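In case you want the letters, here they are:
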Amino acid sequence: MADRHRTMTASEAEAYYDRFGKKQDSQGFYEDPALNAVIAHANFENAERIFEFGCGTGKVAARLLSEHLPAAATYFGCDVSPVMVGLAAQRLKKYSNRAKVLQTDGTVYFPLPDHSTDRVISSYVLDLLSEEDIRTFFAEAHRVLVPGGRICLASLTKGATLLSRIVSSVWMAAFRIRPAIVGGCRPVLMDNYIDWDRWKREHRNIVTPFGVPSEVLVLIAKGRH
Ligand SMILES: C[S@@+](CC[C@H](N)C(=O)[O-])C[C@H]1O[C@@H](n2cnc3c(N)ncnc32)[C@H](O)[C@@H]1O
């Protein structure tokens, strides 16, 4: 089903997340169960090079670097918000020999060579991009991943249970009034954007803490035909 609602522009997202800053970490009540599931299924213990799109405060990166990644693995995160980039850089200071963070102009372009990384991660970012940008995100992820590399995603999605259907309808109604009421995010169905000639599904599940539904998706990049 197409999703043609007006989303935030990159500069609106930048302004919003510059203001939101550290408050992003208070969203863990619904984000953390999805992140736990991503981590359980993405085999970070054998990863070498991680790229994160929309790193926010660096919360996910810090967790991966301290608990899951091998000591030699490198992390590269980007975000459109200079405030978020500053918070992430501060948080990841002790990993400065293998972690870096870059501020972008919001274009969905990954500043990496082709086939140069083995994990692309993004949590609660695709749900604020336009449909066109979500498609570009998957194309960019496929370009930078080595064959067999994984894309690891957590995003708001539509509810499947009565409570979560009510929550996502209310959320969507707020988004339609003004995207900023809900941080620019709306429930999305990732299936609408995936080219299955390029991706193999490794894991998918939906978690609904406090009735807020999130889709957890780990896909493996297929090689070129
Ligand atoms: C809801 S927050 C999620 C942050 C983090 N991934 C997490 O899970 O805590 C969305 C983040 O995406 C960033 N963002 C939004 N649009 C972006 C774009 N076009 N390019 C890069 N970052 C973007 C925002 O600045 C913000 O840090």
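For the structure itself, look to the data block above.
Now for a look at the structure at hand.

Calculation rules
Residues numbered from 1 in each chain as written. Predicted model: local features only at pLDDT ≥ 70, side-chain atom pairs only at ≥ 80, totals over all residues. Heavy atoms only, no water. Pairing = 2+ DSSP bridges. Helix = DSSP H or I, 4+ residues; strand = E, 2+ residues; numbered from the N terminus. Axes fitted to C-alpha atoms, helices over the stretch in contact; angles between N-to-C directions. Contact = heavy atoms within 4.5 Å. Parallel < 35°, antiparallel > 145°, perpendicular 65-115°, else oblique. Left-handed = near helix turned anticlockwise from the far one by under 90°. Core = buried A, V, L, I, M, F, W, Y, C linked by side-chain atoms within 4.5 Å. Buried < 20%, exposed > 50% of the residue type's maximum accessible area, 1.4 Å probe, protein only. Salt bridge = Lys/Arg side-chain N within 4 Å of Asp/Glu carboxyl O. Patch = residues over 30% accessible without salt bridge, like charges linked within 9 Å, V, L, I, M, F, W, Y side chains within 5 Å. Areas by Shrake-Rupley, 256 points an atom, 1.4 Å probe, with all protein chains shown as cover. Near = heavy atom within 4 Å. Polar contact = N/O pair within 3.5 Å; in protein donor to acceptor, adjacent residues only side chain to side chain.

The seven strands are arranged β3-β2-β1-β4-β5-β7-β6 in an open sheet whose pairing can be described as mixed. Two strands in the sheet have a free side with no partner beyond their single neighbour: β3 (99–103) and β6 (199–207). Here the average twist between neighbouring strands, direction ignored, is 15°. Where strand β1 (residues 49–53) meets strand β2 (residues 74–79), five bridges bridge the pair, whose relative direction is parallel. Paired with Phe 53 across the strands is Cys 78, a residue of β2. Across the sheet, helix α2 (residues 28–41) is in contact with β4 (117–123), β5 (145–156), β6 and β7 (214–221); its angle to β7 comes to roughly 25°.

We now examine the packing of α2 against helix α3 (residues 59–68). At a minimum axis distance of 12 Å, the contact between α2 and α3 shows a crossing angle of 40°. Classified by the angle between their axes, α2 and α3 sit oblique to one another. The hand of the α2/α3 crossing is right-handed. The segment α2 lies against α3, with Gly 28, Glu 31, Asp 32, Leu 35, Asn 36 and Ile 39 engaging Lys 59, Val 60, Arg 63, Leu 64 and His 68.

Formed by 72 residues in total, the largest nonpolar core has its most connected members in Phe 44, Phe 137, Phe 138 and Ile 151. With residues up to four places along the chain from it excluded, the contact list for Phe 44 reads Val 38, Ile 39, Ile 50, Leu 64, His 68, Leu 69, Pro 70, Arg 119, Ile 121 and Cys 152.

Relative to the elements of secondary structure, Ala 99 occurs in strand β3. A C-alpha to C-alpha distance of 14 Å links Ala 99 and Gly 56, two positions 43 residues apart in sequence. Those residues in contact with Ala 99 that lie beyond four places of it in its chain are Leu 65, Tyr 75 and Leu 92.

Our next topic: the pairing of β7. When you tally the buried positions in β7, you get eight out of eight residues, the bulk of the element. Where burial is concerned, the two faces of β7 agree: the one with Ser 214, Val 216, Val 218 and Ile 220 and the one with Glu 215, Leu 217, Leu 219 and Ala 221 are both buried. Counting the residues between successive antiparallel strands, the hairpin from β6 to β7 contains six residues, one of them, Phe 210, with a positive phi of roughly 55°.

Under the criterion given, the structure shown has nine salt bridges. For Asp 25, the salt bridge identified is with Arg 91, shortest N-O distance 3.1 Å. Here the residue Asp 25 occupies a position in the loop between α1 (10–20) and α2, and Arg 91 occupies one in helix α4 (residues 82–91), the gap between them amounting to 66 residues. One salt bridge connects Arg 150 with Glu 202, and the closest N-O pair in it is separated by 3.3 Å. Of this pair, Arg 150 sits in strand β5 while Glu 202 sits in strand β6, and the two are 52 residues apart along the sequence. On the accessibility criterion, Arg 150 (13% relative accessible area) is buried. Within the structure, one salt-bridge network assembled from shared partners comprises Glu 31, Asp 32 and Lys 59.

In this section: unusual backbone geometry. In this structure, His 115 is a non-glycine residue whose phi angle is positive, near 50°. Take His 115: it is sitting in the loop between β3 and β4. According to the relative accessible area criterion, His 115 is partly exposed, its value standing at 30%. Phi at Tyr 124 is positive, roughly 55°, even though this residue is not glycine. Tracing the chain through its elements places Tyr 124 in the loop between β4 and α5 (131–144).

Let's shift gears to a nonpolar patch on the surface. On the surface, Leu 162, Ile 166 and Val 170 cluster together to form a nonpolar patch covering roughly 310 Å² of accessible area. The residue Leu 162 is located in helix α6 (residues 162–177) in this model.

Gly 54, Asp 79, Gly 106, Ser 123 and Tyr 124 are the nearest of the 19 residues found near the ligand. Separating an oxygen atom of the ligand from a side-chain N or O atom of Asp 79 is a distance of 2.6 Å. One of the backbone nitrogen or oxygen atoms of Val 80 is found 3.2 Å away from a nitrogen atom of the ligand. For the ligand, the protein covers 98% of the area, taking 600 Å² as the surface of the free molecule.

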